[in-house]
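Here is what each chain is made of, one letter per residue.
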Amino acid sequence: VYASLLPIIGGVGLASASEMSFNWLCFGAAMGSNLGSASRAVYSKKVMASGNIGKNMDSSNIYAVLTIMATFMLIPISFAIEGPSAMLKGFHAAHAKGGAKFLWHMIYSGFFYYAYNEVAFLALGKLDPVSHAVSNTMKRVVIIITAIVVFGTPVTPLGIAGSSIAILGTLLYSLAKNKFK
């Protein structure tokens with residue numbers, strides 16, 4: 001089953017190889033983000049599977065608690081790095097340029113991001129972490145393809161080949177997962 005993940009990894013790598021603005025710092029940040037996301041999924045699934053985490057602690061409530069904990073852990077770091085005056089200065093500059101529209105976009109963005117992650121946690125409650133990660137990867141491929149169509153971004157043949165291999169790899173993973181249950 002895990003060998004069927006290789007075409008997904010290879011396809012995404014191949015599709016990314018044609019990107020001309022490659023940067024090792026960005027690559028490292030993306031890998032760190034992937035590692036954090038995967039670790040959160042594995043840990044959360046382990047907590048959900050244990051069954052003794054408290055009353056009414058379903059996947060939605062676990063996500064809410066994790067979000068609150070993360071917020072309280074990141075607020076001091078944000079203040080230490082940016083400082084309250086720099087944060088307020090940036091907010092005021094953005095508000096002066098965008099007005100109430102900026103505030104509404106900020107509220108909508110926060111709400112939809114929270115809703116997206118809550119749905120991801122509900123999916124995690126029903127899937128194992130690897131299937132969840134594969135689904136997340138395919139979600140990204142769908143977003144990229146949609147952006148290509150909507151914004152008319154040119155795609156290289158190497159990018160098309162890599163995306164096709166990744167999609168085929170997802171099919172192989174699904175078939176292997178069902179066969180070796």
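Residues numbered from 1 in each chain as written. Predicted model: local features only at pLDDT ≥ 70, side-chain atom pairs only at ≥ 80, totals over all residues. Heavy atoms only, no water.

Draft legend 1. Spatial organisation of the overall build of the protein chain. Assigned secondary structure in the protein chain consists of 6 helices and 0 strands. Counting helices and strands in the order they occur from the N terminus, the protein chain gives α-α-α-α-α-α. Structurally, the protein chain occupies a C-alpha span of about 55 × 50 × 30 Å along its principal axes. Counting all 181 residues of the protein chain, 17% fall into the buried class. The contacts of the protein chain with a sequence gap of at least 6 include a subset with a gap of at least 24, amounting to 77%. For the protein chain, the accessible area works out to roughly 12,800 Å², and carbon and sulfur atoms hold 73% of it. (Helix = DSSP H or I, 4+ residues; strand = E, 2+ residues; numbered from the N terminus. Buried < 20%, exposed > 50% of the residue type's maximum accessible area, 1.4 Å probe, protein only. Contact = heavy atoms within 4.5 Å. Areas by Shrake-Rupley, 256 points an atom, 1.4 Å probe, with all protein chains shown as cover.)

Draft legend 2. Structural detail: the layout of surface pockets. Looking at the second largest pocket, its volume works out to about 600 Å³. In terms of lining, the second largest pocket is formed by 23 residues, of which the most central are Ser37, Arg40, Tyr113, Tyr116 and Asn117. Elements with a minimum of two residues in the lining of the second largest pocket: α2 (24–50), α3 (59–81), α4 (84–126) and α5 (129–151). When residues in the lining of the second largest pocket are grouped by element, the largest group, 8 residues, is from α4. Looking at the lining of the second largest pocket residue by residue, the class counts come to 10 nonpolar, 10 polar and 3 charged. (1 Å grid on protein atoms, 1.4 Å probe; cavity = no way out; pocket = protein on both sides within 12 Å on 5 of 7 lines; lining within 4 Å. Points joined across faces, edges and corners; volume = space filled by probe spheres on them. Nonpolar A, V, L, I, M, F, W, Y, C, P; charged D, E, K, R; others polar.)

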